[in-house]
Amino acid sequence: DSAAPSLPGDTLEVMAVTSRMTGDSRLVSYGAIFTQPGGTLFLAHVEDMEIFERYIGVISKIPQINTDVAREAIVKQLLKEPRDYIESCREVLESQQLQIQVESIVTLGKRVEQYKKLIEDRKIDLLVLNSKDAEQLAMQGLAYSLAVEFRHLPLLML
C-alpha cells in the first residue's frame, strides 16, 4: 500500500486489539487517551477459530458430550465475556465525558485476517496492542504478526 501513514495527531479512528480483552484496562485506557475528541475507539476481540475448532474436535470424541450443544454454548460464552467487559468499559469512558464513541467488535475467526478486514473497513488511524505477555521476553505471536502485516499503520505496542 503506497498511502502515506496518518500523522501522529490524526487519531480519530483508534482500534485496541487483544486476544484477551477481558480485564485489559491498560489497553483500553491507552486507546482512549489516543482517540481524539469526536473520534471512535474500537475495542476489538477476535477468538481464534483454529484453536476453537481444535477443542471442538476433542469434544466430538467424547461420546457423553453433545458436540453441537457444546459448540453453541462455548461460542456464546467465549464471546459474551469480552462483550460484557467492553460494555463496562464503554460505561466508564462515557462517565468520564471524553467526547469519544466506543464501539465493540467481538467475533470468532482467523485473527490476522479479521483484524486486517476490520482495520481496512474502519480506516483505522492507530492500532493499540499488547506486545508481550508477562512470562515472555520476546514479542508475542499475534503482536508480531500484526506489526508485520500493518507496517503502513501507526502502532502503539504496550
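Rules and cut-offs
- Residues numbered from 1 in each chain as written.
- Predicted model: local features only at pLDDT ≥ 70, side-chain atom pairs only at ≥ 80, totals over all residues.
- Heavy atoms only, no water.
- Pairing = 2+ DSSP bridges.
- Helix = DSSP H or I, 4+ residues; strand = E, 2+ residues; numbered from the N terminus.
- Axes fitted to C-alpha atoms, helices over the stretch in contact; angles between N-to-C directions.
- Contact = heavy atoms within 4.5 Å.
- Patch = residues over 30% accessible without salt bridge, like charges linked within 9 Å, V, L, I, M, F, W, Y side chains within 5 Å.
- Areas by Shrake-Rupley, 256 points an atom, 1.4 Å probe, with all protein chains shown as cover.
- Salt bridge = Lys/Arg side-chain N within 4 Å of Asp/Glu carboxyl O.
- Buried < 20%, exposed > 50% of the residue type's maximum accessible area, 1.4 Å probe, protein only.
- Core = buried A, V, L, I, M, F, W, Y, C linked by side-chain atoms within 4.5 Å.

### As for the sheet that holds strand β2 (residues 40–48)
With parallel pairing, 5 strands are arranged side by side in an open sheet as β3-β2-β1-β4-β5. In this open sheet, the two strands that pair with only one neighbour each are β3 (101–109) and β5 (155–157). When the angles between neighbouring strand axes are averaged without regard to direction, this sheet yields 20 degrees. Relative to strand β4 (residues 126–129), strand β1 (residues 13–18) is paired through 4 bridges, and the arrangement is parallel. Residue pairing across strands places Val14 opposite Leu126, the latter belonging to β4. Running over the sheet, helix α2 (residues 49–60) touches β2 and β3 and is turned about 35 degrees from β2.

### A few points about a nonpolar patch on the surface
The grouping of Tyr30, Ile33 and Phe34 at the surface amounts to a nonpolar patch, some 290 Å² of accessible area in total. For Phe34, the position within the fold is in helix α1 (residues 25–34).

### Remarks on the pattern of salt bridges
For the coordinates displayed, the defined rule picks out 5 salt bridges. Across the pair Asp121 and Lys117 runs a salt bridge whose closest N-O atoms are separated by 2.7 Å. A residue pair is termed a helical-turn pair when its members lie 3 or 4 positions apart in one helix, as Asp121 and Lys117 do in helix α4 (residues 111–122) at 4 residues. Taking relative accessible area as the criterion, Asp121 reaches 46% and is therefore assigned partly exposed.

### A word on the nonpolar core
Within soluble globular proteins, side chains that are nonpolar tend to cluster in buried spots. Counting 18 residues, the largest nonpolar core has Ala16, Val28, Leu41, Leu43, Leu93 and Val128 as the members making the most contacts within it. Looking at this core, the elements that each hand over two or more residues are β1, α1, β2, α3 (67–95), β3 and β4. Counting residues per element, this core draws most heavily on α3, at 5 residues. Judged by nonpolar contacts, the second largest core, of 17 residues, contains Phe42, Ala44, Val46 and Ile119.

### A word on the pairing of β2
With 9 of 9 residues buried, β2 lies mostly within the body of the structure. Burial along β2 is two-sided: Thr40, Phe42, Ala44, Val46 and Asp48 and Leu41, Leu43, His45 and Glu47, pointing in opposite directions, are all buried. Summarising the sheet, β1 and β2 pair through 6 bridges and their orientation is parallel. Counted as the bridge partner of Glu13 is Thr40 from β2. One ladder, built from 9 bridges, connects β2 with β3; its direction is parallel. Paired with Phe42 across the strands is Glu103, a residue of β3.

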